[in-house]
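Structure at a glance
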Amino acid sequence: MLSRAALSCRGSIHGRCLLSRVRTTVSSHMKCVPASISARQWSNIPFMTMPLIRSHGKPFVHRSELKHAKRIVVKLGSAVVTRGDECGLALDRLASIVEQVSVLQNQGREMMIVTSGAVAFGKQRLRHEILLSQSVRQALHSGQNQLKDMQVPVLEARACAAAGQSGLMALYEAMFTQYSICAAQILVTNLDFHDEQKRRNLNGTLHELLRMNIVPIINTNDAVVPPPEPNSDLQGVNVISIKDNDSLAARLAVEMKADLIIVLSDVEGLFDSPPGSDDAKLIDIFYPGDQQSVTFGTKSRVGMGGMEAKVKAALWALQGGTSVVIANGTHPKISGHVISDIVEGKKVGTFFSEVKPAGPTVEQQAEMARTGGRNLATLKPEQRAEIIYHLADLLTDHRDEILAANRKDMETAEEKGRLAPPLLKRLSLSAAKLNSLAIGLRQIAVSSQDSVGHVIRRTRVAKELELEQVTVPIGVLLVIFESRPDCLPQVSALAIASGNGLLLKGGKEASNSNQTLYRLTQEALSIHGVKDAIQLSIAFQVNTREDVEDLCRLNKLIDLIIPRGSSQLVRDIQKAAKGIPVMGHSEGICHVYVDNEASVEKVTRIVRDSKCEYPAACNAMETLLIHRDVLRTPLFDQIIDMTDPLSFYIILELKTDYYYVQVKIHAGPKFASYLTFSPSEVKSLRTEYGDLECCIEVVDSVEDAIAHIHKYGSSHTDVIVTENEATAEYFLQHVDSACVFWNSSTRFSDGYRFGLGAEVGISTARIHARGPVGIEGLLTTKWLLRGENHVVSDFSEQGSMKYLHENLPIPHRIIS
């Protein structure tokens, strides 16, 4: 292994410096002159002090386990290594691949490369030599036109391989040298695996190279190999087809007990039908026995193997104990990190696994939700309401079962100690919560009677040509929620009422609660045969950024993503969901502004409720803005007890008793300037604490308060406490937030409290729904035009028809 000092200074390997040296090497070998690399470029690739250890046996079951792979074979197909003109090498791609392999090698892994490219490199070199050997006199005598039409003779593949092999290896050596890594060339033929002595020699050589931290570069010796035997792919234990490197990589990986083969090609992975054909779908995970569900196309534009050969080789390697991933190594946006992403367990390409999951995949669940949602939308309004009523009854009837499941989740979370107090509180269910849920669901059932198919506009476009705009479901909703199991029945009821398909993703911390609530939801849906409309994925948990990115790849199946969780989760989803709209808010930075004409009693009650009633909620107060005239007044003393400069106390009234709740203060810059001994100064005025903490800042006027809210707020919920109606109305009209209140707690920003029954979340967006989102926010519209042999040409200047555009009364009916 290299010393850390040798890895301390990394150059721009992927930049022009390396490529210029590489191109010099290529040019040198084309002229039959040995290349020389005068400068040695060092690298600070991350160094792992603890070596990776894995006993080879069965292949990995899940992608997430690939990060434990120690011995890895990277197979580079001809389409990856060669240029589009099939004559010469794709130096940019090759440099990127070498960089990724070097990073993994210097992390303590054992990397091997099975490469194509010798024929292409040799073809480029021989063509160059043939053109140079043409007589200048002959070229001049031929004339300019004939010179343009000069044809290079067809070159025999073995000759090209012989001419290109040394140059290809010199290229690899030049590239790996930049990372202080040594590479060694090994050329093999069928006999090297068929003859027992040669096979042992090959095995020993490779093990010795790996022991010395050298990257073996392996290829079939195309200069001497005989023509491929038909149907000879991996027929026996010691048989390898030399017609393609896929079989070579598989045979080598099993022989060397490799943990993983990464097969790079010019397609994203294995599709169920030829890529580019209609409805071709990328297969995320392929299992033995699934070959019948795949229609293979033709082979790549270059090389000897096709996708069918890759699958055969992959399944053979899988049976031998080596995991396999087939992925795209040519796409410019992903080729620079494809190998690293695969080893990190990201969903890239097609992963081959022996263990088939018991349930459907996420993609299959989304498709089921699409079909089920369409069936749900065709039900009569009273049928959808009946499902929701039944679900509300089930929550009450099975209360003990639900609470028992929730206790298991709570005990597990408390034992592991991984959940922050706010998330732990959100995880908890109670009889009171379930009762409130049931009440809210019944409210949704009532509202659902006039939701889907509601006519919102009618227009007589022309005689006997009438247009209607009606409400319809959005399609398939993906709702991601952390900790809060009560979210599952709420969102389910709203999806049922609005006729949307629903894919639910809950955190594993609430798995028992979610499973129980989902089973009851399925029971309610069954009364009208639409169980598939709502899906809960239990095999997939939302825990990492990679998980979020995987969800956001379902852009052809998901119409709207609604995240309900931490601000970090929401931000990750908004960043990753480039093709799917996201409805929600990334932060809940809510303000309460105490005006200089505020009532003492109202201030203390509203501030107390906004901060202390449920500090983990997104609608809890995070910043208290105080008019400067309120400082050093009895009102200020009622809010804050400054006997302790690091905290203040708010009286929380409960029945006839009084409890003191300590809330930690973070002073804003202006507030700190008014105090001799101030609390800790806030690090940022844009902070969502989610606990018994808040920021206090001083403002000079209502205009100053509004400016502060616009600069540091999150457009969620903001409150003014004042007795001056004109000041209050000014605040209500000028604050640009989803919810703006006067003399009311921020905690009223909630779908249940607004009378919506429940909410799928609170949106701070300005397109479509805003604020607490109920049924209306989950609907869109479509236009229905009913005519009688109408055509547009009849409305031209010479036509017989005229546009009327008359508004018609809206009937009190539902269109099913």
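Criteria and cut-off values
- Residues numbered from 1 in each chain as written.
- Predicted model: local features only at pLDDT ≥ 70, side-chain atom pairs only at ≥ 80, totals over all residues.
- Heavy atoms only, no water.
- Axes fitted to C-alpha atoms, helices over the stretch in contact; angles between N-to-C directions.
- Helix = DSSP H or I, 4+ residues; strand = E, 2+ residues; numbered from the N terminus.
- Parallel < 35°, antiparallel > 145°, perpendicular 65-115°, else oblique.
- Contact = heavy atoms within 4.5 Å.
- Nonpolar A, V, L, I, M, F, W, Y, C, P; charged D, E, K, R; others polar.
- Phe/Tyr/Trp six-rings, centres within 6.5 Å; stacked < 30°, edge-to-face > 60°.
- Buried < 20%, exposed > 50% of the residue type's maximum accessible area, 1.4 Å probe, protein only.
- Salt bridge = Lys/Arg side-chain N within 4 Å of Asp/Glu carboxyl O.
- pLDDT = per-residue confidence, 0-100.
- Left-handed = near helix turned anticlockwise from the far one by under 90°.
- Pairing = 2+ DSSP bridges.

1. Remarks on the packing of helix α16 (residues 431–447) against helix α17 (residues 487–498)
Contact geometry for α16 and α17: axes closest at 10 Å, N-to-C directions at 10 degrees. What the angle tells us is that α16 and α17 run roughly parallel. For the pair α16 and α17, the contacting residues are Leu437, Leu441 and Ile444 in the first and Pro489, Gln490, Ala493, Leu494 and Ala497 in the second. Partitioning the contact of α16 with α17 into residue classes produces 7 nonpolar, 1 polar and no charged.

2. Some words on the packing of aromatic side chains
Summed over all chains, the structure comprises 6 aromatic pairs. Seen from their ring centres, phenylalanine 636 and phenylalanine 671 are 6.2 Å apart, and the 65 degrees between their planes marks the pair as edge-to-face. Here phenylalanine 636 is found in helix α22 (residues 634–639), whereas its partner phenylalanine 671 is found in helix α23 (residues 669–673), with 35 residues between them in sequence. With respect to class, phenylalanine 636 is no different from phenylalanine 671; both count as buried.

3. Describing the pattern of salt bridges
All told, the structure shown has 33 salt bridges when counted by the stated rule. In this structure, glutamate 255 and arginine 251 form a salt bridge, with 3.2 Å as the shortest nitrogen-oxygen distance. With glutamate 255 and arginine 251 both in helix α9 (residues 245–255) and 4 residues apart, this pair spans about one turn of that helix. As far as the burial class goes, glutamate 255 and arginine 251 line up, both buried. Note that arginine 628 and aspartate 700 form a salt bridge whose closest N and O atoms lie 3.7 Å from each other. Separated by 72 residues along the polypeptide, arginine 628 in the loop between β16 (621–627) and α22 and aspartate 700 in the loop between β19 (693–699) and α24 (702–712) bring together distant segments of the chain. Overall, arginine 628 belongs to the partly exposed group, its relative accessible area being 42%. Owing to a relative accessible area of 33%, aspartate 700 belongs among the partly exposed residues under this scheme. Through salt bridges with shared partners, a single ionic network connects Arg458, Arg460, Glu466, Glu468, Arg786 and Glu806.

4. Some words on the confidence of the model for the protein
Considering every residue of the protein, the mean pLDDT works out to 82; 81% of them sit at 70 or more. Here residues 230–240 scores under 50 on pLDDT; set against residues more than four positions off or in separate chains, the count is 25 contacts. Note that residues 642–659 has pLDDT below 50 and, in this model, 49 contacts with residues that lie over four places away or in other chains.

5. Thoughts on the packing of α17 against helix α18 (residues 511–525)
Put simply, α17 and α18 touch, their axes get as near as 10 Å, and they point 25 degrees apart. With respect to α18, the axis of α17 lies roughly parallel. Crossing hand, α17 versus α18: right-handed. Two secondary-structure elements touch here, α17 through Leu488, Pro489, Ser492 and Ile496 and α18 through Asn514, Leu517, Tyr518, Thr521 and Leu525. Classifying every residue of the contact of α17 with α18 by side-chain character gives 6 nonpolar, 3 polar and no charged.

6. Some words on the sheet that holds strand β8 (residues 350–352)
Judged by pairing direction, the sheet is mixed, and its 8 strands sit side by side in the order β3-β4-β2-β1-β5-β7-β8-β6 without closing on themselves. Across the chains shown, the open sheet's two edge strands, defined by having one partner strand only, are β3 (182–188) and β6 (285–286). Two strands pair when backbone bridges link them, and strand β2 (residues 110–115) and strand β4 (residues 214–220) are joined in this way by 2 bridges, in the parallel orientation. Pairing of isoleucine 113 across the sheet is with isoleucine 217, part of β4. Seen against the sheet, helix α6 (residues 157–177) touches β1 (71–76), β2, β3 and β4 and runs at an angle of roughly 155 degrees to β3. The sheet strands contacting helix α10 (residues 307–319) are β1, β5 (260–265), β6, β7 (323–328) and β8, and the helix crosses β7 at an angle near 155 degrees.

7. Some words on the sheet that holds strand β11 (residues 476–481)
An order of β13-β12-β11-β14 is seen for the 4 strands of this open sheet, with the pairing classed as parallel. Each edge of the open sheet is held by one strand with a lone partner, namely β13 (534–536) and β14 (560–564). Neighbour to neighbour, the strand axes of the sheet diverge by 15 degrees on average, direction disregarded. Packed onto the sheet, helix α12 (residues 362–377) meets β11, β12 (501–506) and β13 and runs at close to 145 degrees relative to β12.

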